[in-house]
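Architecture at a glance
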Amino acid sequence: MLEQALRTHFGYDSFKPGQEEIIEALLSRQNVLAMLPTGTGKSLCYQLPALVTEGLTIVVSPLLSLMEDQVQQLRSSGMKRVASFNSFQTREERKRTSSLLPQLDLLYTSPEMLQSKWLLERLEHVTVAHFVVDEAHCISHWGHDFRADYLRLKQVKKQLGDPPCLAITATATPRVREDICEQLDLRHRLDVIHSVNRSNIYLQVEQHERTMAKLERLSLLVGTLQHPGLVYVQSRRQSEELASRLKETHPHLRVSHYHGGMENADRLLIQQQFMADQLDLICCTSAFGMGLNKPDIRFVIHYHYSLDMASYIQEIGRAGRDGGPSLALLLSTPEDVGQAKAMLERGRLQASDLDWLLAPLQEGEALADDWFEQRFEAFGAGNGMWKSIRFLLEQLGAINEGVVQPLDRYALTEALAQKLTNRYAEREERLRAFLSWTERTACRREGMLRYFNEEPLSQHPCCDKCGGDLTLFQAKEKNHRPDRFSWQEELALLFGEREEQRDGGPYS
DNA sequence: CGAATGTATCCTAGGATACATTCGGTGCACTAGT
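Bear in mind that the values here come from a model prediction, so they are computed numbers and not experimental data.

Along strand β4 (residues 106-109), one buried face is formed by L106 and Y108 and the opposite face, lined by L107 and T109, is buried too. Alignment of strand β2 (residues 56-60) against β4, held across four bridges, turns out to be parallel. Residue V60 lies in a different strand from β4, and its bridge partner there is T109. The β-α-β motif built from strand β3 (residues 82-85), the intervening helix α5 (residues 91-100) and the parallel element β4 has right-handed crossover chirality.

Take a nonpolar patch on the surface next. Taken together, the side chains of M1, L27 and V52 make up a nonpolar region of the molecular surface, amounting to roughly 280 Å² of accessible area. Note on L27: relative accessible area 33%, which makes it partly exposed.

To continue, consider the protein's contact with DNA strand B. By nearness alone, 34 residues border DNA strand B, and S87, R236, T285, R346 and K387 come closest of all. In DNA strand B, atoms within 4 Å of the protein come 59% from sugar and phosphate. Between a phosphate oxygen of DNA strand B and a side-chain N or O atom of S87, the distance comes to 2.3 Å. Take S110: an N or O atom from its side chain is 2.8 Å from a phosphate oxygen of DNA strand B. The biggest single contributor to the surface near DNA strand B is helix α14 (residues 334-345), with five residues. Classifying every residue of the surface near DNA strand B by side-chain character gives ten nonpolar, 13 polar and eleven charged.

Before going further, it helps to examine the confidence of the model for chain A. For chain A, per-residue confidence averages 91 on the pLDDT scale, and residues scoring 70 or more make up 94% of the total. Under a pLDDT of 50 for its full length, residues 478-485 has, in the predicted model, 15 contacts with residues more than four places off or in other chains. The model gives residues 490-508 a pLDDT under 50, and that stretch makes 51 contacts with residues more than four places away or in other chains.

In this section: a negative patch on the surface. A cluster of like negative charges, contributed by D369, D370, E373 and E377, occupies part of the molecular surface. Here D370 shows up in the loop between α15 (351-358) and α16 (371-379). For D370, a relative accessible area of 33% gives the class partly exposed.

Let us look at the sheet that holds strand β13 (residues 326-332). Sheet strands pair via backbone hydrogen bonds, and the direction of the pair is either parallel or antiparallel. Reading across from one edge, β8-β13-β12-β9-β11-β10 is the order of the six strands in this open sheet, with parallel pairing throughout. Each edge of the sheet is formed by a strand with only one pairing partner; in this case those strands are β8 (201-207) and β10 (255-258). Averaged over all pairs of adjacent strands, the angle between strand axes in this sheet comes to 15 degrees, irrespective of strand direction. Here strand β9 (residues 229-232) runs beside strand β11 (residues 281-284); their pairing, made up of four bridges, is parallel. Bridged to Y232 within β11 is C284. Contacts from helix α10 (residues 211-224) reach β8, β9, β11, β12 (299-302) and β13, with the element oriented near 165 degrees to β13.

With that out of the way, let us pick up the packing of α14 against helix α18 (residues 409-438). Close contact between α14 and α18 brings their axes to 10 Å; oriented N to C, the two are set at 160 degrees. Taken together, the axes of α14 and α18 are roughly antiparallel relative to one another. Taken as a pair, α14 and α18 cross one another with a handedness that is right-handed. Counted together, V337, A340, K341, M343, L344 and E345 of α14 and R427, E428, L431 and L435 of α18 form the full contact between these two elements.

A complete count under the given rule lists 25 salt bridges for this structure. A salt bridge links R7 to D13, with the nearest nitrogen and oxygen atoms 3.5 Å apart. Among the residues examined, R7 registers a relative accessible area of 41% and is labelled partly exposed. Residue D13 is classed as exposed on the basis of its relative accessible area of 57%. Salt-bridge contacts for E206 lead to R217; the nearest nitrogen and oxygen are separated by 2.8 Å.

Once that is clear, we can look at the sheet that holds strand β5 (residues 128-134). Taken together, the seven strands give an open sheet; going across it, the order is β3-β4-β2-β5-β6-β1-β7, and neighbouring strands pair in parallel fashion. Pairing within the sheet leaves two strands with one partner each, and these edge strands are β3 and β7 (189-193). Neighbouring strand axes in the sheet, compared pairwise and without regard to direction, differ in orientation by 15 degrees on average.

Attention shifts here to α10. Counted at 1.5 Å a residue, the expected span for α10 with its 14 residues is 20 Å, and the 20 Å between its end C-alpha atoms agrees. Residues of α10 that are buried include every one of K214, L215, L218, S219, L221, V222, G223 and T224, and no others. Of the surrounding secondary structure, the elements contacted by the buried residues of α10 are β9, α11 (236-249), β11, β12, β13 and α14.

Thresholds applied
- Residues numbered from 1 in each chain as written.
- Chains lettered and ligands numbered in written order.
- Predicted model: local features only at pLDDT ≥ 70, side-chain atom pairs only at ≥ 80, totals over all residues.
- Heavy atoms only, no water.
- Buried < 20%, exposed > 50% of the residue type's maximum accessible area, 1.4 Å probe, protein only.
- Helix = DSSP H or I, 4+ residues; strand = E, 2+ residues; numbered from the N terminus.
- Pairing = 2+ DSSP bridges.
- Right-handed = clockwise from strand over helix to strand, strands pointing away.
- Patch = residues over 30% accessible without salt bridge, like charges linked within 9 Å, V, L, I, M, F, W, Y side chains within 5 Å.
- Areas by Shrake-Rupley, 256 points an atom, 1.4 Å probe, with all protein chains shown as cover.
- Salt bridge = Lys/Arg side-chain N within 4 Å of Asp/Glu carboxyl O.
- Near = heavy atom within 4 Å.
- Polar contact = N/O pair within 3.5 Å; in protein donor to acceptor, adjacent residues only side chain to side chain.
- Nonpolar A, V, L, I, M, F, W, Y, C, P; charged D, E, K, R; others polar.
- pLDDT = per-residue confidence, 0-100.
- Contact = heavy atoms within 4.5 Å.
- Lys, Arg positive; Asp, Glu negative; His and termini not counted.
- Charge placed at Lys NZ, Arg CZ, Asp CG, Glu CD.
- Axes fitted to C-alpha atoms, helices over the stretch in contact; angles between N-to-C directions.
- Parallel < 35°, antiparallel > 145°, perpendicular 65-115°, else oblique.
- Left-handed = near helix turned anticlockwise from the far one by under 90°.
- Expected span 1.5 Å × (residues − 1).

See the structure below:
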């Protein structure tokens, strides 16, 4: 019966590993925590149930671009009872969508939008069949820092009658999985956890003495490796500078940059050019890549340290979706350690800062919606930190329905400082663990898998510690056919002459 | 931690130098005036 639906709605004959299990659990009204490797059809796990069940499936997605992509994709394949609800749409469009709710199968929206009373009231009059959190690791990675509305999803879910919930992601450490379940209150659930290992990605770390040497190494690699590829850097400015530098030194390469400070239109353009094979290389910050579904990325180079193993795996996991041999390389210098640590320190609040920030709170005062935002701006702390503090204060009972409760100021600051201290300590521990992985003398894959509580496995080629050679990834054979060759055969094929220089093309 | 920017000081006056300060990533939603 499920296969029938799979065939009629999606045109596939059989399920990929994990899919059927997840779908059956959802249909029997069970909660599910799922970790499936990228490219194994995660979205089908909730799209199919949404189509065969009465009621609305709500999908919480972290990025507007992802929502719009998915909706467009579904619509173009004939599924019309699908919509998104976010700030991308006009007020009128949103009104229209809300009036159509009872007839919809799928609604994509953001955690922030689900805080809108207006929307919630309308959702309460609809039968919600499933509550889905896509890219669920964001709950843990972003929820505690600058998107606190991720932590309010538990309440939203409850308000919607506690429908069966699916939290799905490609990469979550055991600790993050625990956090996801806690934040979504996922009890009595099925866990479908597949390995994070990507056997076609070769792992290497190189320590260089000086920045100059690191840059020269990068330049050399970029000129010889098979494309397309990504270079992850620490800052926005660096992504721009590095891109323009590489453009100069490698005029035949089509290079661009990408970061969160760019105009939406530019970001979209770069992403589309990359997808359409009009770019060979993108120098980017961590803003680039989520939801990116390009199958043939051949290398991901880190020009700085990631702040934790999970982020690193997310980023390198964008390589080799086609199963073809791909390279994950981290280039570092001793001074990069300090910069990574500084990144964590940034915006760290001390007890005295909390004293200042909370000083004006008066018992019984009804706070304006933007009170925290204003206060944090006056303090000089940008982005969404205020959301996190406000959330914690609500949790501690200091604020209820926007009204300041009777408070023991000293005890409150203490409790808050303690929570923040714990959070900072966790982040430091995650960075420490990642740094020690980069300094490993034994197999890197083994270290990575152990971090995910997985049993190590041996494979060849594996990583620089197991003996390997980057010449294997040098450009030459253009038409590799991953479906027809094993990993070993591919590598054998890769041995040979370099790819000819190609013509320039349209690039920014 | 280190790179970039800002400020003070030198003293035939604007350009060099030294020291101090700031900043560095990830996204949603929204305003108000056209």
